[in-house]
Amino acid sequence: MPRYYFVFHDAESVTIDETGEELPTIERARKEALRAVGEAARDFSRQRGAGVLAVEVRDDSGPILRVSATIEITALSKSFPEEA
Amino acid sequence: VKTLGDESAVPPPSTGLPSGIVSDMAVTTMIDVLIRKLERYGAISGPERTFLAQAVSRVVEYEPGQNIVNEGSGPAESCLVLDGFAGRIKLLPAGTRQILAFHIPGDFCDLHSFLLKRMDHGIEALSRCKIAKVPHEKIAEITDRFPSLTRALWWDTALDAAIHREWMVGMGRRSAYEQIAHLLCEMLLRLRAVGLVQDDSFDLPLSQEHLGDASGLSVVHVNRTLQALRRGNLVISNGRRITIPDLQALKEAADFDPAYLQMKGGPES
């Protein structure tokens, strides 16, 4: 089975993945990355207001795909403070 | 398989215990780990001890990934972990699974199968495991003859339920960071209670996939969370060996209150 590496990016840090995961298909790797971004967004929403989260999937030859989530907060009323 | 540490897993130490039919003497020693756990509820008398030791019909060894009890089956015996880690597992149609509980030495994985008859989940060996089988007729005899021991075993299933509740809180309300930190606090305390912690270190023969299946998180997120815990020096891992250098700090990170584990000596244990 091919080995995929999941490199996680957020505003503050990059978390590298030294060991990777053996997965049967690239489709499984895509799903795994999508899930990880979703879970990170769930945690992220407790700590910070907005930002970008991304997981880059690589194999031994280099990057294959990137899954990201952008969390935006847009004030729609003047009564909402710009910087919460 | 991804271990918790940066380095490859070291092979499990051999316990040198025999498989299959074992002598009464050997069983008496082996069930000490169960007695030690049950005595957190109340004293176990000599006759109760003797009966428990004689109630073990056989000892079976399992390899990692092997089924101990199949989901949907109607077991005629309950399984007591003597060595290694077992898990309660629910399989989902998509091929994913949820680990519902980790069972360590001294735990009955399926004492409830005595009453429930049909297993709504399976039991799997998560590491190499040594399991003592206790026939249900022996458990029936305990309930007939030993009311105090019966209450201690009832306490044991109530404790399992308390751990399930805490895991539900984790999956529903805690961040991945808090959840994994909480799980490591729990494993340290549970393993310490059965004498399997040396200083601040213990063997956790689980992969990141196991932790993901137990916490409802992807392996990618578990890996990232463990790296964050390591960066904060809350956890040191080397293969399967886990060291918690500052338990108080890890407890604070996890918002961990050990009361649900019903340790002897009160909630601060």
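Residues numbered from 1 in each chain as written. Chains lettered and ligands numbered in written order. Predicted model: local features only at pLDDT ≥ 70, side-chain atom pairs only at ≥ 80, totals over all residues. Heavy atoms only, no water.

*Asks:* Would you explain the environment of B:Leu91 in this entry?
*Replies:* All names here are of chain B. Counting through the fold element by element, leucine 91 comes out in strand 4 (residues 86-91). For leucine 91, a relative accessible area of 56% puts it in the exposed group. Between the C-alpha atom of leucine 91 and that of glutamine 227, which follows or precedes it by 136 residues, the distance is 28 Å. Sequence-distant contacts of leucine 91, defined by excluding residues within four places in its chain, comprise Glu71, Thr96 and Arg97. (Helix = DSSP H or I, 4+ residues; strand = E, 2+ residues; numbered from the N terminus. Buried < 20%, exposed > 50% of the residue type's maximum accessible area, 1.4 Å probe, protein only. Contact = heavy atoms within 4.5 Å.)

*Asks:* Teacher, can you tell me more about the sheet that holds strand 1 (residues 58-62) of chain B here?
*Replies:* Sheet strands line up and pair through hydrogen bonds in the backbone, either parallel or antiparallel. Residue and element names in this part refer to chain B. What the three strands build is an open sheet, ordered 1-7-3; its pairing is antiparallel. Both outer strands of the open sheet, strand 1 and strand 3 (77-83), are each paired with one neighbouring strand and no more. In this sheet, adjacent strand axes meet at a mean angle of 35 degrees when their direction is disregarded. Here strand 1 pairs with strand 7 (residues 129-135) via five bridges, running antiparallel. Directly across from tyrosine 62, in strand 7, lies its bridge partner cysteine 129. (Pairing = 2+ DSSP bridges. Axes fitted to C-alpha atoms, helices over the stretch in contact; angles between N-to-C directions.)

*Asks:* Hey, could you run me through empty space enclosed by the protein in this one?
*Replies:* Once rolled over the atoms, a probe with the size of a water molecule shows which space is left empty. Residues and elements named next belong to chain B. In total, this model carries four cavities of 30 Å³ or more according to the counting rule given. The space that makes up the largest cavity amounts to roughly 100 Å³. Around the largest cavity, the lining residues are Glu166, Trp167, Gly170, Met171, Arg174, Gln179, His182, Leu183, Glu186, Ala214 and Ser215. Looking at the lining of the largest cavity, the elements with two or more residues in it are helix 6 (147-173), helix 7 (176-193) and helix 8 (208-215). Looking at the lining of the largest cavity residue by residue, the classes come out as four nonpolar, four polar and three charged. Residue lining of the second largest cavity: Lys37, Arg40, Ile104, Asp107, Leu159, Asp160, Ile163, Arg190, Ala193, Val194 and Leu261, and that is the complete set. If you list the elements that add at least two residues to the lining of the second largest cavity, you get helix 6 and helix 7. Take the lining of the second largest cavity: its biggest share by element is three residues, from helix 6. The residue makeup of the lining of the second largest cavity, split by class, is six nonpolar, no polar and five charged. (1 Å grid on protein atoms, 1.4 Å probe; cavity = no way out; pocket = protein on both sides within 12 Å on 5 of 7 lines; lining within 4 Å. Points joined across faces, edges and corners; volume = space filled by probe spheres on them. Nonpolar A, V, L, I, M, F, W, Y, C, P; charged D, E, K, R; others polar.)

Any functional reading would require information that these geometric values do not contain.
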